[in-house]
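Here is what each chain is made of, one letter per residue.
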Amino acid sequence: MEDRPPPLRLIYSDELGQLKVVQTADGAQLGTAAVAATWGQPDKLQCIDCVQLGSAGGAADTATAVLALARCSGAIELRSPLSGDLLGTIPPASSPAGNGSGQAADAGRVRGLHLLWGEGEAAGGLPAVLSVTQGGMARLHAPVPADGQQQQQEAQQQQQQQAAAWQERRAWQVPAEVCCTAYDPGSGRLAVGCQGAELRLFDVASGELAFAFKGGKPNMVGLVDRPWNTAVAFLPPASPSSSTEGSSSAPGSRLLVGTGHAKVRLYDAEAGKRPQMELTWGDARITCLALEPDGQRCWLGNGKGRIEVLDLRTQLFSGTIKGLAGSARGLAVHPELPVLASAGLDRYLRLHDRHTRQLLAKVYLKTLPTAVAFCPTDASMLPPPAKAAATEKRRGKERRRRRSEAAAADSGDKEGSEQADGGDEEEDSEGEQERRRQAERQRKKRGTQRGRSEGRRSRQRTAAQEDSD
């Protein structure tokens, strides 16, 4: 039997509080992507603001995979990305009172969510959870597994995970109006981008401010853009060959930032507070970033549905992806395969080849997306070949049936309209014939009158010519 690569599995969150699982038959047949499961009931009050998915061992580690999601109420849920089972919940942060209930509710919404693996706070095979609210409250929660004997730990592992609780270990204040965050596990730093405040780095271990960046330089008339950082991502440390000064940088010092003024900035904390690179890209707010595994290229999406890749070595844009209609809501890069996933306001989840930019799959998911993420998979998730072939055959039949029904509906509408028109013609046939006869008489009469006027003008011209002679 020929070995097949593990399937691709993605988690798609929407504004109705649902999670939709999109999966392929295997890693080679990406065109078979389809919705495999839907978790949750549609409820606008349970809208999902952000999603974070990860595991301790990488893309093939399904045993420790955890999905964290933040509701619009500020509550955080941790679920299994394989079954959707609830592993635990974190209550919303207490936000300061605003001028109105709407302002206070928005201040409690989570704008940054990160899973911390291998940290001192992690326990029981579960990660610590770092969250940042729009009002500027950063919190670190660590799991507290249920008590149990070491001998029964393996037998009761699932029950312990379900009974686990997350205890708040640390909380600190960051600037308000948070729009985006990023976490670097190598340095333990948290980057916070806001509207109205420049980018800042915080030490998660102590909660103290580690570095504060500045915006771009003033233009020719001395004006600068108001701070508005909408997307941020940590870059890997620069190697001596790629660094302009010939020295490598420390982890957690290089960042790529997208702003609401359609600008892309590259920061390096060791080189200074000002951006080391500033490029203008398009004319819309940059909504999302997705860094490739090697850290040499980064995909960007903006509010007008434009998706393009930036080569950080040459500082040039290339490789635009077409087809997205509306704002780009989410980008995700597969950690091993050259596949880019994108979701936008047109409600389609698309898979593209990162090298050729060829469309590999497109799935319509009916609801507005908020995020998209790749889920760890292994060979145990492969369906049997016969089942996969039967599934693909059934999906093909279903697509053909929908097309035939749509065509039949269109033809039925046409026939119905033609029959209605025919009935009207039968009812009004005598009147229509009389109108046609009257129109024919009028046409003949106009032709006779036209002929008489032409003859009259001809005789007048002849008489005038004779008089001149």
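Residues numbered from 1 in each chain as written. Predicted model: local features only at pLDDT ≥ 70, side-chain atom pairs only at ≥ 80, totals over all residues. Heavy atoms only, no water.

Caption draft 1: Up close: a positive patch on the surface. Residues Lys 214, Lys 217, Lys 273 and Arg 274 make up a contiguous surface patch of positive charge. Mapped onto the elements, Lys 217 comes out in the loop between strand S15 (209-212) and strand S16 (229-234). Residue classification places Lys 217 among the exposed residues on the basis of a relative accessible area of 66%. (Patch = residues over 30% accessible without salt bridge, like charges linked within 9 Å, V, L, I, M, F, W, Y side chains within 5 Å. Areas by Shrake-Rupley, 256 points an atom, 1.4 Å probe, with all protein chains shown as cover. Salt bridge = Lys/Arg side-chain N within 4 Å of Asp/Glu carboxyl O. Lys, Arg positive; Asp, Glu negative; His and termini not counted. Charge placed at Lys NZ, Arg CZ, Asp CG, Glu CD. Helix = DSSP H or I, 4+ residues; strand = E, 2+ residues; numbered from the N terminus. Buried < 20%, exposed > 50% of the residue type's maximum accessible area, 1.4 Å probe, protein only.)

Caption draft 2: Inspection of the sheet that holds strand S21 (residues 297-302) at higher detail. Taking strand neighbours across the sheet as the criterion, the four strands line up as S20-S21-S22-S23 in an open arrangement whose pairing is antiparallel. One side of each edge strand has no neighbouring strand; the edge strands of this open sheet are strand S20 (286-291) and strand S23 (316-321). Along the sheet, successive strands turn relative to each other by an average axial angle of 25°, direction set aside. Where S21 lies against strand S22 (residues 307-311), five bridges are found, and the strand directions are antiparallel. The partner of Trp 299 across the bridge, within S22, is Val 309. (Pairing = 2+ DSSP bridges. Axes fitted to C-alpha atoms, helices over the stretch in contact; angles between N-to-C directions.)

Caption draft 3: Main features of the pattern of salt bridges. For the coordinates displayed, the defined rule picks out 16 salt bridges. The salt bridge involving Asp 283 is made with Lys 304; its shortest N-O contact spans 3.1 Å. Of this pair, Asp 283 sits in the loop between strand S19 (277-280) and S20 while Lys 304 sits in the loop between S21 and S22, and the two are 21 residues apart along the sequence. Taken as a pair, Asp 283 and Lys 304 share a single burial class, namely exposed. Here Glu 292 makes a salt bridge to Arg 354, at a shortest N to O gap of 3.1 Å. With a gap of 62 residues between them, Glu 292 in the loop between S20 and S21 and Arg 354 in the loop between strand S26 (348-353) and strand S27 (359-364) connect regions that are remote in the sequence. In this structure Arg 354 comes out as buried when scored by relative accessible area, which is 8%. If you follow the salt bridges from partner to partner, you end up with Glu 15, Lys 44 and Arg 329 in one network.

Caption draft 4: Region of the structure containing the nonpolar core. Among the nonpolar cores identified, the biggest contains 17 residues, and Ala 341, Leu 349, Leu 351 and Phe 374 are the most heavily contacted of them. Per element, the largest residue contribution to this core is three residues, and it comes from strand S25 (residues 339-344). Dropping the residues within four chain positions of it, Leu 351 is found in contact with Leu 10, Ala 33, Val 339, Leu 340, Ala 341, Gln 358, Leu 359, Leu 360 and Ala 361. (Core = buried A, V, L, I, M, F, W, Y, C linked by side-chain atoms within 4.5 Å. Contact = heavy atoms within 4.5 Å.)

Caption draft 5: Layout of the sheet that holds strand S18 (residues 263-268). The sheet built from four strands is open, its strands ordered S16-S17-S18-S19 with antiparallel pairing. Both outer strands of the open sheet, S16 and S19, are each paired with one neighbouring strand and no more. Taken over all neighbouring pairs, the strand axes of this sheet differ in orientation by 15° on average, direction set aside. As judged from the five bridges shared by S16 and strand S17 (residues 254-259), these two strands associate in the antiparallel manner. Across the sheet, Phe 234 pairs through a bridge with Leu 255, a residue of S17.

Caption draft 6: Local environment of the packing of aromatic side chains. Within the structure shown, the criterion is met by four aromatic pairs. Taken together, a centroid distance of 5.8 Å and an interplanar angle of 15° make the contact between Trp 281 and Phe 317 stacked. Note that Trp 281 is positioned in the loop between S19 and S20 and Phe 317 in strand S23, a separation of 36 residues in sequence. Under the relative-accessibility criterion, Phe 317 is labelled partly exposed at 22%. One cation-aromatic arrangement involves Lys 362 over Tyr 348; the distance from NZ or CZ to the ring centre is 4.8 Å. (Phe/Tyr/Trp six-rings, centres within 6.5 Å; stacked < 30°, edge-to-face > 60°. Lys NZ or Arg CZ within 6 Å of the ring centre and 35° of its normal.)

Caption draft 7: Up close: unusual backbone geometry. Despite not being glycine, Ala 262 shows a phi value in the positive range, around 60°. Given the relative accessible area of 4%, Ala 262 is considered buried. Phi is positive for Arg 347, close to 70°, though the residue is something other than glycine. Along the polypeptide, Arg 347 turns up in the loop between S25 and S26. For Arg 347, a relative accessible area of 28% puts it in the partly exposed group.

Caption draft 8: Representation of the pairing of strand S12 (residues 178-184). Of all seven residues in S12, six are buried; the element is thus mostly enclosed. Bridge count between S12 and strand S13 (residues 189-194): six bridges; the pairing is antiparallel. When the bridges of S13 are listed, Thr 181 appears paired with Val 192. The turn linking S12 back onto S13 is made up of four residues, and Gly 188 within it adopts a positive phi angle of 70°.

Caption draft 9: Inspection of the confidence of the model for the protein chain at higher detail. Summing up the model confidence of the protein chain, the mean pLDDT is 84 and the portion of residues at 70 or higher is 83%. No element of the protein chain has a lower mean pLDDT than helix H2 (residues 157-163), which averages 45, and none a higher one than strand S14 (residues 200-203), which averages 97. Note that pLDDT drops below 50 for residues 148-156; the model gives that stretch two contacts with residues more than four away or on any other chain. Contacts from residues 158-163, a stretch scored under 50 in pLDDT, to residues over four places away or in other chains number eight contacts. (pLDDT = per-residue confidence, 0-100.)

Caption draft 10: Quick look at the side chain of Asp 14. Among the secondary structure elements, Asp 14 is positioned in strand S1 (residues 9-14). For the buried residue Asp 14, which engages in no salt bridge, the nearest side chain bearing the opposite charge is Lys 20, 4.4 Å off. Within the structure, Asp 14 has its side chain in polar contact with the backbone nitrogen of Gly 17 (distance 3.1 Å). At 2.9 Å, the side chain of Asp 14 and the side chain of Thr 367 are in polar contact. Beyond its immediate chain neighbours, meaning those up to four positions away, Asp 14 contacts Lys 20, Ile 48, Thr 367, Leu 368, Pro 369 and Thr 370. (Polar contact = N/O pair within 3.5 Å; in protein donor to acceptor, adjacent residues only side chain to side chain.)

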